[in-house]
Amino acid sequence: GTDGKFRTSVEVVALDRTRLLRDVANALSDQHVNIVACSTLTGPDRVARMRFEFEFADPSHIESVLRTMKNIDSVFDAYRVSTQIGDSGAASDD
């Protein structure tokens, strides 16, 4: 059950560096969200795309979480995505 929790997915785009994943996960933890899934992929251009699915109590909290993500060193974007990790639905074409 969700017992008053909301679930969303965000994608964080950053220049890859040592301890990037740790810093992002710590920042999410500091925001009191519970990470339920994570996938990360770094392309040959050294750009890391990290997708997190997490639960949190207050839906208005998402803007604060995204702001915090964007303030992490080497992160250049963070935004909500509609599909959850593990969904077999088609992704949007970039």
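This is a predicted model, so every value here is computed, not measured. (Residues numbered from 1 in each chain as written. Predicted model: local features only at pLDDT ≥ 70, side-chain atom pairs only at ≥ 80, totals over all residues. Heavy atoms only, no water.)

Visitor: Before we move on, can you summarise the pattern of salt bridges with the specific residues and values?
Guide: By the definition in use, this model includes 8 salt bridges. D16 serves as the salt-bridge partner of R46, at 2.8 Å between the closest nitrogen and oxygen. Residue R46 is located in the loop between β2 (34–42) and β3 (47–56), and its partner D16 is located in the loop between β1 (6–15) and α1 (20–30); the two are separated by 30 residues in the primary sequence. When its relative accessible area of 46% is taken as the criterion, R46 is described as partly exposed. Between D23 and R17 there is a salt bridge, with its nearest N and O atoms 2.9 Å apart. What makes D23 partly exposed here is its relative accessible area of 21%. (Salt bridge = Lys/Arg side-chain N within 4 Å of Asp/Glu carboxyl O. Helix = DSSP H or I, 4+ residues; strand = E, 2+ residues; numbered from the N terminus. Buried < 20%, exposed > 50% of the residue type's maximum accessible area, 1.4 Å probe, protein only.)

Visitor: So what about helix α2 (residues 62–70)? Which residues, and what values?
Guide: Residues I62, V65, L66 and M69 constitute the buried set of α2. Taken around the axis of α2, the buried residues stretch over an arc of 95 degrees, which confines them to a single face. Elements in contact with the buried residues of α2: β1, α1, β3 and β4 (75–81). (Arc of directions from axis to C-beta. Contact = heavy atoms within 4.5 Å.)

Visitor: How would you sum up the packing of aromatic side chains? Please name residues and give values.
Guide: Following the criterion strictly, the structure yields 1 aromatic pair and no others. Ring geometry for F54 against F56: centres 5.6 Å apart, planes inclined by 55 degrees, an arrangement best described as tilted. According to the relative accessible area criterion, F54 is buried, its value standing at 0%. (Phe/Tyr/Trp six-rings, centres within 6.5 Å; stacked < 30°, edge-to-face > 60°.)

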